[in-house]
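Here is how the chains run, residue by residue.
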Amino acid sequence: MATTRENSTYVVSFILIPYSNIGLLRYLYFTITILWYTSIIVANTFLVVVICMDKKLHEPMYLFLCSLFVNEMIGSTTVYPCLLSQMLSDTHEVTLTYCFLQIFILYSSASVEFCSLAAMAYDRYVSICYPLHYHAILNTRRVCNIIVLIWVCSFINFTISFSFTINLKFCGKYIDKVFCDHYLLTKLACSLTTLNNISDLFFAFVAIIGPLILIFFSYVKILTVCLKTSKETKQKAISTCTPQIVSLVNLFFGCIFHFGDTRLDMSVTHVPDKVRILLSVYLLICQPLLSPLMYGFNLSKIRNACKRLYCNSLLSGINQNYITDMLTPYEPVCSLRSSGWALMAIPKSRLMTKDPSALERPA
């Protein structure tokens, strides 16, 4: 679709080319995509609820994680509904307004991702290098201020970069990607200025290079301290830092695939179209699920919080009056055994004992 102004024709909608080749496999792709998107939303929402409900997790590290999980859902929701609708569409057309909105949220979300990882690296640096001053340096108020600063700065950063693009007039209408991309969109403009050409680089420097410098500095300090400490401290530091390292490596390869797909001619490298499309959305596929798996379910405190939440919901669903009548003088107790959490009836006299082993003996 195009509009005519002063004898010139400007494009006001775009066509996403890759969807035109999916054919009869669209329903298979649609099913896989909607299941994956549902998994992303369920996993991240569950962990946000657990962190919010469990007061033991109201610590700096887990507050940063909560912000990260919310960001994963926002970034995924920006792209996945578009993917699903385009798979079943016959025109594969998106409006200019929607394209602008998708680019703005997606790139701002990417900035929040890197800045959140930088904040978490700083948290680990303070925790390991200054353990006695940890709660004084990173109190709840300061952590909340850092989280707000991350989100506000990310939006402002891309707003400045995007301000050079939003007033452009577009003459091309075909985008060779499954979602709107800032660089590909600017290539469709009728004319470009020097500021348009460097705006993308400015955003990348502030949103990616800056946080990476802070992360590198934090890990160098952590490594320096670990080399002087005991083996047990080293193992603890490694266990807490490993998820961030894995996430950073994943983001690094995802950025290579993304920028390589948009700036290099993949036809020269003879990369199949389906492989190229898959690599271009690698970050949107892996990162939203990798974060809850690596940071959430992989951390013992969050696993125990999930078990506590399950146990409490199980106990609250049982009729207490019925238990009192049937099990008196017994008391229902939720116990963690090797096979998992279990609901047991324990004599009240044993609950008063100071011997923990008394709870494990049969009534």
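Located above this text is the structure these notes cover.
Residues numbered from 1 in each chain as written. Predicted model: local features only at pLDDT ≥ 70, side-chain atom pairs only at ≥ 80, totals over all residues. Heavy atoms only, no water.

Peer 1: I would appreciate a short explanation of the packing of aromatic side chains in the present structure.
Peer 2: Each aromatic ring pair is described using two quantities: the centre-to-centre distance and the angle formed by the ring planes. In total, this model carries 15 aromatic pairs according to the counting rule given. With 5.6 Å between their ring centres and 50° between their planes, Tyr107 and Phe203 make a pair best called tilted. Placement of the pair is Tyr107 in helix α3 (residues 96-129) and Phe203 in helix α7 (residues 194-226), with a sequence separation of 96 residues. Of the two residues, Tyr107 and Phe203, neither departs from the other in class, the shared state being buried. Ring geometry for Phe252 versus Phe253: centroids 5.7 Å apart, planes at 75°, classification edge-to-face. Classification of Phe252 by relative accessible area gives exposed; the value is 52%. (Phe/Tyr/Trp six-rings, centres within 6.5 Å; stacked < 30°, edge-to-face > 60°. Helix = DSSP H or I, 4+ residues; strand = E, 2+ residues; numbered from the N terminus. Buried < 20%, exposed > 50% of the residue type's maximum accessible area, 1.4 Å probe, protein only.)

Peer 1: Sorry, what's going on with unusual backbone geometry here?
Peer 2: Where the residue is not glycine, phi is negative for most of them; where a peptide bond is considered, it is trans in most cases. A positive phi angle is found at His92, which is not glycine, with a value near 55°. Secondary-structure assignment places His92 in the loop between α2 (60-88) and β4 (93-95). On the basis of relative accessible area, His92 is assigned to the buried category, the value being 6%.

Peer 1: Sorry if this is basic, but what is going on with the pattern of salt bridges here?
Peer 2: Any two side chains of opposite charge can pair if their charged atoms end up close together. The full count for this structure, using the stated rule, is 5 salt bridges. Taking the shortest distance from any N to any O, the salt bridge between Arg308 and Asp54 comes out at 2.7 Å. Taken together, the positions of Arg308 in helix α11 (residues 300-316) and Asp54 in the loop between α1 (26-53) and α2 put the pair 254 residues apart, joining distant regions of the chain. Residue classification places Arg308 among the partly exposed positions, given a relative accessible area of 24%. By relative accessible area, Asp54 is classed as buried at 11%. Here Asp181 and Lys177 are joined by a salt bridge, their closest N and O atoms 3.8 Å apart. What makes Asp181 buried here is its relative accessible area of 0%. (Salt bridge = Lys/Arg side-chain N within 4 Å of Asp/Glu carboxyl O.)

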